[in-house]
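# Chain and residue survey
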Amino acid sequence: MNKIKYLLLILISVTALSFRFYINYFIPVNQQINLLFILLGLFNLILLFCIIQRLANYKIGLLAALLYAISPWTAYLELVSSPYIFLLSSILFLYLGIQIFNVSKGIFLLLIIAIGGFFLYRYNQITVFSNIGLINDVNSFRGETNQTFLSPLGKIIENRYIYLSEHLTSNILKQFTPATYFTNQVRLLGFSNSSPIYLGFITPFLFGVLISVRLIPRKRISEIIAGALFILPSILSKDSPDLSRLILISPIIFFVISIGLYEFILNYRKKVFLFLLFLTVFMVVLQFLITISDIAVREPVRLQMFLDQK
């Protein structure tokens, strides 16, 4: 039985590698593929499996690893050697260590804050305040109000601090919009038409959210807070929502989807769950095939157009 378990994980890892080399063949986003980040991706896949197997069970861990393997989101970022893939590896490795040695989750939260803060500061990742467009918008609004009798009031209301607060609030809300993750509303790397996560997974995701909210014990509150902190880099980006930065919360999304899928599989004898399972598999397979075709035919053209505009 153990051999079959490992064999399935190896098969998923081979699938992940094949998908990445396939993408790189048609879309050479890097002139020379960075094997270090491909290996980091496999490391993340295995870490994700180990963590979720401990949190839930082997089958849910396997489903989460499969989601990581076939997601264009993780594949594209590994191929462009995104530093956030390395940061994700560090966080997953740290969390697994916390699990194995049964260390306080509060310490994990403090470590995440320290690592994240250092990364953002060291690599100058807080760019939301450098968005010149925001200042121009404020000046434009002031110019409009100056032409009316509300000019004095405009100076109080239309200022950069209030406008920045509104902008940050808008950024926060965008991180929780399913369209950000399950559609191509936000383009991967600025050019790709592939959805970060296949739309077919939206149903098990929503079902997984309902299950998670109902079953989360109070003792895991610190972990939930730590998970919420992973959206901060994207919020603080001038290009928010930034999928490169949001990769940090991908394990949470994959976990939630896997919980929903596992419930569909467990209850497949009931007609409703059988229908939902069939619908999910049909939509995912269809979208995966369309994505594979699109990568070979249209994505190279989009990449070239994107590079020409830069």
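One structure accompanies this document, and this report is about it. (Residues numbered from 1 in each chain as written. Predicted model: local features only at pLDDT ≥ 70, side-chain atom pairs only at ≥ 80, totals over all residues. Heavy atoms only, no water.)

### Notes on the layout of surface pockets
In plain terms, the rule: Put simply, the grid is 1 Å and covers the protein atoms alone, a cavity is a trapped set of points that fit a 1.4 Å probe, a pocket is an open set with protein on both sides within 12 Å along at least five of seven lines, and lining residues have an atom within 4 Å of a point. Grid points are joined across faces, edges and corners, and a volume is the space filled by probe spheres set on the points. Each helix is a run of DSSP H or I of at least 4 residues and each strand a run of E of at least 2, with the numbering of both proceeding from the N terminus. Note on residue classes: Ala, Val, Leu, Ile, Met, Phe, Trp, Tyr, Cys and Pro are nonpolar, Asp, Glu, Lys and Arg are charged, and everything else, Gly too, is polar.
Roughly 270 Å³ of volume is contained in the second largest pocket. Around the second largest pocket sit 13 residues that line it, and Leu66, Ile70, Phe201, Val281 and Val284 are the ones nearest its centre. Contributing elements (two or more residues each) for the lining of the second largest pocket: helix H3 (58–70), helix H15 (250–266) and helix H16 (271–297). Per-element tally for the lining of the second largest pocket: the top contributor is H16, with six residues. Taken together, the residues of the lining of the second largest pocket sort by class into 12 nonpolar, one polar and no charged.

### Regarding the packing of aromatic side chains
Just so we agree on the cut-off: Ring pairs are drawn from Phe, Tyr and Trp, using the six-membered ring of Trp, whenever the two centres fall within 6.5 Å, and their geometry is named by plane angle: stacked under 30 degrees, edge-to-face over 60, tilted for the rest. Burial classes: relative accessible area under 20% of the type maximum marks a residue as buried, over 50% as exposed, and values in between as partly exposed (1.4 Å probe, protein chains only).
The tally for this structure, following the rule as stated, stands at 15 aromatic pairs. Plain terms: the ring middles of Trp73 and Tyr181 are 5.8 Å apart, the flat faces sit at 50° to each other, and that makes the pair tilted. Of this pair, Trp73 sits in helix H4 (residues 72–79) while Tyr181 sits in helix H10 (residues 178–182), and the two are 108 residues apart along the sequence. Note on Trp73: relative accessible area 0%, which makes it buried. Centroid distance Phe207 to Phe264: 5.3 Å. Interplanar angle 50°. Geometry classified as tilted. Linking Phe207 in helix H11 (residues 202–215) with Phe264 in helix H15, this pair joins segments that are 57 residues apart in sequence.

### Notes on the packing of H16 against helix H17 (residues 299–309)
The criterion, for reference: Note on geometry: axes are C-alpha line fits, over the in-contact stretch for helices, and angles between N-to-C directions span 0 to 180 degrees. Oblique is the label for any angle not under 35 degrees, not over 145, and not in the 65 to 115 range, which are roughly parallel, roughly antiparallel and roughly perpendicular in turn. The contact rule is simple, with two residues in contact once any of their heavy atoms fall within 4.5 Å.
In the contact formed by H16 and H17, the axes pass within 4 Å of each other and the chain directions differ by 50°. In this view, H16 runs oblique relative to H17, as classed from their interaxial angle. Residues Asp294, Ile295, Ala296 and Val297 of H16 pack against Glu299, Pro300, Val301 and Arg302 of H17. Here the residues of the contact of H16 with H17 are counted per class, giving five nonpolar, no polar and three charged.

### Examining the pattern of salt bridges
Heads up, the condition is: Whenever a carboxyl oxygen of Asp or Glu lies within 4 Å of a side-chain nitrogen of Lys or Arg, that contact is scored as a salt bridge.
Taken as a whole and assessed by the stated rule, the structure comprises five salt bridges. Put simply, Asp294 and Arg302 hold a salt bridge, and the shortest N to O gap is 2.7 Å. Exposure remark for Asp294: the relative accessible area of 9% places this residue in the buried category. Among the residues examined, Arg302 registers a relative accessible area of 17% and is labelled buried. Here Arg302 and Glu299 are joined by a salt bridge, their closest N and O atoms 2.8 Å apart. Here Glu299 and Arg302 lie together in helix H17, a separation of three residues that amounts to about one turn. Here the two residues Arg302 and Glu299 agree in accessibility, since each one is buried. Residues participating in the shared-partner salt-bridge network are Asp294, Arg298, Glu299 and Arg302.

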